[in-house]
Amino acid sequence: MYNDVNVRLLKAFAGRWVDRAETDTRRSMRRLAEYGISFSSGSLKEFFTLSREILNDSHSPYYLLAYEFIRATEKGRITQFGINFGYNGFAHEKKKETPLAVTIDGADIRDAASFHQQLTQWDAHEASIVFLFCDGDRPSPELIDAETKRWPKRAFFLFTDDPAALGYSWGKNVMLLLDAGDAEFARLAAAQREHKMLIGSYRRFDEKNAQDCLSDAFLDGVHDAGASFLLLLKARDCSDDCRRRINEFCYAEKRAPHRALFVSELFGDIESINGIILN
């Protein structure tokens, strides 16, 4: 019951925050950082403290990122996904040695039972953040939709290029990730924005294209297509040195961004997320 009250209060707060952030982005972002510092502890408190330091720059591109994202996305989706990711994911105390974020490979999913089995390896208060990598049309949009609805408190990041999935109306706990390396990326992103869906982007990197992934031309193109988030994924044959260079770039870019785009080396960030223990 207590947690239910917390969630209702948080939804009310988050809904008002999203409305105000569209018209007064700078003040709303700074207040969110202060709120996070006041009501968090441990590593999460450190995150909000760093966020406040970054937002001390009144010209930070993060202000434009927030404004563009809120304006382009259904507000109810932002509120619900934010609560699932931030509160259900980070605010609950997690047990040591248990994952907060997990990845699921669509190639391992044979049917509804195998999909559900992968998601029931963790209890309802763990693994609240799920990264699902589809393998072509596997699993099907219908299967994904049915399963994600069974876990309304989790945040699902869905990586797919399946035309059927791209035309689906997903629940508010799902963010669709589009391949920024696809020639049709800008068109596909525009189609999702028309429906005010939660969208981000991704691109796999290796030795051959790593430099291109970090180029101003590519990053500006991702932003101009309407994506606020870019997750960079290490290819199977990518060297540790290549991944280190990408990770270092993302680390610096997150702290001093050059455009309204949040850039992440995904698997490095997953390791960091799963290393968080709230005190």
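Attention here is on the structure that accompanies the text. (Residues numbered from 1 in each chain as written. Predicted model: local features only at pLDDT ≥ 70, side-chain atom pairs only at ≥ 80, totals over all residues. Heavy atoms only, no water.)

Inspection of every chain in the model, using the stated rule, returns 18 salt bridges. Of the charged contacts, one joins E34 and R52 as a salt bridge, the two residues approaching to 3.4 Å between their closest N and O atoms. Note that E34 is positioned in helix α2 (residues 25–38) and R52 in helix α3 (residues 42–55), a separation of 18 residues in sequence. The class of E34 is partly exposed, set by a relative accessible area of 37%. It is possible to trace a salt-bridge network through shared partners that takes in E207, D241, R244, R245 and E248. (Salt bridge = Lys/Arg side-chain N within 4 Å of Asp/Glu carboxyl O. Helix = DSSP H or I, 4+ residues; strand = E, 2+ residues; numbered from the N terminus. Buried < 20%, exposed > 50% of the residue type's maximum accessible area, 1.4 Å probe, protein only.)

All right, on to the side chain of S228 then. With respect to the helices and strands, the residue S228 is situated in the loop between α11 (216–224) and β6 (229–234). The residues contacting S228, other than those within four sequence positions of it, are L65, F69, A260, L261 and F262. (Contact = heavy atoms within 4.5 Å.)

With 42 residues, the main nonpolar core has F115, L158, W170, F185, V222, L230 and L232 as its most contacted residues. With near-sequence residues (within four places) excluded, W170 lies in contact with R77, P141, I144, D145, L158, A165, L176 and M197. Grouped together as the second largest cluster of nonpolar side chains are 34 residues, V18, M29, F81 and A101 included. (Core = buried A, V, L, I, M, F, W, Y, C linked by side-chain atoms within 4.5 Å.)

The next subject is the pairing of strand β7 (residues 262–265). Two elements, β6 and β7, share four bridges in a ladder whose sense is parallel. Looking across to β7, one finds that L231 is bridged to S264. On the question of chirality, the crossover connecting β6 to the parallel β7 by way of helix α12 (residues 240–255) is right-handed. (Pairing = 2+ DSSP bridges. Right-handed = clockwise from strand over helix to strand, strands pointing away.)

Consider a sheet: its strands pair through backbone hydrogen bonds, and that pairing is either parallel or antiparallel. Spatial strand order, β1-β2-β3-β4-β5-β6-β7: seven strands in an open sheet with parallel pairing. Each end of this open sheet is capped by a strand with a single partner; those strands are β1 (101–105) and β7. Strand after strand, the sheet turns through a mean of 25° between neighbouring axes, direction not considered. Here helix α9 (residues 185–194) sits on the sheet in contact with β4 (174–179) and β5 (199–205), set at roughly 160° to β4. Contacting β1, β2 (129–133), β3 (155–159), β6 and β7, helix α13 (residues 266–274) runs over the sheet at an angle of about 80° to β7. (Axes fitted to C-alpha atoms, helices over the stretch in contact; angles between N-to-C directions.)

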